[in-house]
Amino acid sequence: MIRGSCLCGAVAFEIEGSLTPIQLCHAARCRKATGGAFAPELLAPATGFRWARGEDRVSVYEAPLLEEPPAYRRAFCRTCGSPLPIEMPGGVFVGLLAGVLDDDPGTQPFRHAFLRQQAAWYTIEDELPRFEWRPPRP
Ligand SMILES: [Zn+2]
């Protein structure tokens, strides 16, 4: 089991099953949502996900649609603002950011996405595959 929680500790969750490798997404929206150079995104099986506590503290923000569905949605703790897992369109996966995990997810970063929107102040220093826009689902 892999556990995660928010900054204030009000919200915690657990995942049974294996997680996907981590996609480092440099999209402008992902940078704003995290405050970082990129969002370390990964997917968990929805059937293996459960809130351990604080589900009632979770809010969802849906950004205005830019080009085409699905909408850009972010879940967060209403008390501390930590980004939290959210069900992906289709309901098969839950998407989350690796930084809120308390345990080792057992996976590593495997590619960069949305490099067309990369921050000017960050230089990639690895040899992982790079995608200008949205890469295919792993
Ligand atoms: Zn919190």
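Criteria and cut-off values
- Residues numbered from 1 in each chain as written.
- Predicted model: local features only at pLDDT ≥ 70, side-chain atom pairs only at ≥ 80, totals over all residues.
- Pairing = 2+ DSSP bridges.
- Helix = DSSP H or I, 4+ residues; strand = E, 2+ residues; numbered from the N terminus.
- Buried ≥ 20, exposed ≤ 12 C-beta atoms within 10 Å, placed from the backbone.

A. Local environment of the sheet that holds strand E8 (residues 83–84). If you trace the three strands from one edge of the open sheet to the other, you get E6-E7-E8, paired in antiparallel fashion. Taken across any chain shown, the strands that pair with only one partner, and hence form the sheet edges, are strand E6 (58–62) and E8. Bridging between E6 and strand E7 (residues 73–77) involves five bridges; their strand directions are antiparallel. Bridge pairing in E7 links Tyr61 to Arg74.

B. Structural context of the environment of Pro136. Mapped onto the secondary structure, Pro136 falls in the segment after strand E11 (109–113). With 5 C-beta atoms packed within 10 Å, Pro136 lands in the exposed category. The spacing of Pro136 and Ala113 is 23 residues in sequence and 9.9 Å in space, taken between C-alpha atoms.

C. Representation of the sheet that holds strand E3 (residues 22–25) within the structure. Strands sit in the order E9-E10-E4-E3-E11 across an open sheet of five strands; the sheet is mixed. Looking at which strands have only one partner, the edges of the open sheet turn out to be strand E9 (86–87) and E11. Sheet topology places E3 next to strand E4 (residues 39–45); three bridges connect them, and they run antiparallel. Across the sheet, the residue bridging to Leu24 is Pro40, located in E4.

D. Region of the structure containing the environment of Thr123. Structurally, Thr123 can be placed in the segment after E11. The exposure class assigned to Thr123 is exposed, which follows from the 8 C-beta atoms found within 10 Å. Sequence separation between Thr123 and Ala37 is 86 residues, and the spatial gap between their C-alpha atoms is 9.3 Å.

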